[in-house]
Each structure stands twice: as C-alpha cells, then as structure tokens.
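A structural walkthrough
Below are the chains, spelled out letter by letter.
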Amino acid sequence: MAGVTVQDLHIAFPLYHASARSLKRAVAAATSNRLREDAQHRVVVNALRGVSFTLQPGDRLGLVGGNGAGKTTLLRALAGIYEPIAGHVVIRGALHTLLDTGLGMNMDLTGRENIGLRGLYAGLERAAIALLEDDVQAFAELGGFLDMPVRTYSSGMLVRLGFALATAIDPQVLLMDEWFLAGDSGFMAKARQRLEALVRKAEILVLSTHNPEVIASWCNRVLWLEQGTVRMDGAPIEVLEAYLGHPVEATEDLLLSA
C-alpha cells in the first residue's frame, strides 16, 4: 500500500560564497532563524525546519506559500534529490516526479535511448518498454529527431519529450510542481487530458502551485509553508482562506467530473 511519512524534516544549504561581513551580520540579526552559521563557520540557509506529515492512499496534498517558502525544496526532498540534515522521509510505493522536464534525462543519448532507460528504471520488461516507446513517440511527435541526441533538441522539443516521458508511466505516489500546469495554450490543450488522467490514477498526489483554483479542485488537504516551516495544515478551503486573506468558494473536483 502506498504511503508517505515525513518526520521532523530539516533541510539546509550552505552558502559557499557567504563569508563577507555583511552576511555574517545578517546571520546575527536574522529573526526568522533561516540563516545561521554552522560548525564549519559557513553561512547556511535553513530551507525546511521541522516539517512533519503522513499521507495515505486517496490523499491529495497541495503545497502553498510565497516564493522561498520551501515548497520546491520539500518536493525535491520527497523525491530523494535533497538529503535531510535531520529527520527522515519514507516513501512506500512507486514514486514518480513531475518537477523538471530534464530531470533524469541523459542529454548525450538519443530520445529513444532515454525512453529505454526510463523504462528500465521503472522495472519494465522489454515488451512494456516497446509500448512505452510507441506511446511517447506518438505524443511527442518528434519524428526522426527521436533518434538524435537530446542535446540537439530545441527547448520546445525537449519539453514535449520530457512531458511525454514523465506522464507515460502510472505511479502510486506522484510529485508535481506547478511548472507542469503552465505552457503555451496549444501544448496544454493536448497535454491536459493526459496529465489529469495521470493524476487521477495516482494513489497519492503532492502538488505545489500558486493557483488556488487547482488546489481547491484537485486536493483534499493543504499544507501552508512559510519560511521553511508549516504555518497551517488542514482542509483546502480553510487553509486557502487563511493564506489568501479572503473567502474562497468551494470548487467541483474537475478530475472526478471530467
């Protein structure tokens, strides 16, 4: 059974070029405790501080907060990209991330080779990888470029390949940044149905976005992050109204009504 457990999670990043007196004064004067000096006398940023929550099948968690609140850091910690300095993250079930189109892609390999690697990483058999290749090829519409190194792709071609790859395998736990809800209208008109089908199939969703309508219609729980800590955790409308400072109307679940 899929599940997510985050217990007293702390993430910090050293500022290697932060030895100037001005920054050390900022550490001494900081009231938010986000800046400090560690045992090696490096200035470090406390990106996440004491974050805890658990998720079970059926949970759709939305992350809200201003820029720098820690939303993307939390997603990357869940994905195993960032290592905690304290606390722990436990993911049960097949994990899939929609964080960056180029994440996990080898730019020196061809598009077809990257599809094969993604299939092997997901534990697919040869026949399933062949079906994955057909699916990605049909969606991305790269033609002969599929057999060229990815580093030769235009930004638009890279987005199409990355999106097709990221949404081709059904996960149990899905992590998604708001980047995948943006893009030109032509691309998203084609991608929206595919994306919503993926979200619908996932047992657990963790979504970061600044769009309250998406949070209200896709999520059943919201975590409000502020300066790396949990400011509020609860029902979507309740948390959104506290975060935005004005009433929010309940929105029909677009995924269930589609």
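Placed above this text is the structure.
Summary of the structure given here. This is a predicted model, so every value here is computed, not measured.

Digging into the side chain of Asp59
- By the element assignment, Asp59 lies in the loop between strand S3 (43-55) and strand S4 (60-64).
- We note that Asp59 is buried and unpaired, the nearest opposite charge coming from Arg221 at a distance of 4.8 Å.
- One polar contact links the side chain of Asp59 to the main-chain amide nitrogen of Gln56, over a distance of 2.7 Å.
- Residue contacts for Asp59: discarding those within four places in its chain leaves Thr54, Glu203, Ile204, Leu205 and Asn220.

Re the packing of aromatic side chains
- Scanning the entire structure with this criterion turns up four aromatic pairs.
- Between Trp224 and Tyr243, the ring centres sit 5.4 Å apart and the planes meet at 65 degrees, which makes this aromatic pair edge-to-face. On the criterion of sequence distance, the pair formed by Trp224 in strand S9 (residues 221-226) and Tyr243 in helix H8 (residues 236-244) is long-range, its members being 19 residues apart.
- For Trp224, a relative accessible area of 8% puts it in the buried group.
- Over the face of the ring belonging to Phe139 we find Arg194, whose NZ or CZ atom lies 4.5 Å from the ring centre.

Thoughts on unusual backbone geometry
- We note that Asp8 has phi near 45 degrees; this positive angle belongs to a residue other than glycine.
- Although it is not a glycine, Glu141 adopts a positive phi angle of roughly 55 degrees.
- Tracing the backbone through its elements, the reader meets Glu141 in the loop between helix H4 (126-140) and helix H5 (155-166).
- Looking at Glu141, the relative accessible area reads 56%, which means it is exposed.

Conventions we followed
- Residues numbered from 1 in each chain as written.
- Predicted model: local features only at pLDDT ≥ 70, side-chain atom pairs only at ≥ 80, totals over all residues.
- Heavy atoms only, no water.
- Helix = DSSP H or I, 4+ residues; strand = E, 2+ residues; numbered from the N terminus.
- Buried < 20%, exposed > 50% of the residue type's maximum accessible area, 1.4 Å probe, protein only.
- Lys, Arg positive; Asp, Glu negative; His and termini not counted.
- Salt bridge = Lys/Arg side-chain N within 4 Å of Asp/Glu carboxyl O.
- Polar contact = N/O pair within 3.5 Å; in protein donor to acceptor, adjacent residues only side chain to side chain.
- Contact = heavy atoms within 4.5 Å.
- Phe/Tyr/Trp six-rings, centres within 6.5 Å; stacked < 30°, edge-to-face > 60°.
- Lys NZ or Arg CZ within 6 Å of the ring centre and 35° of its normal.

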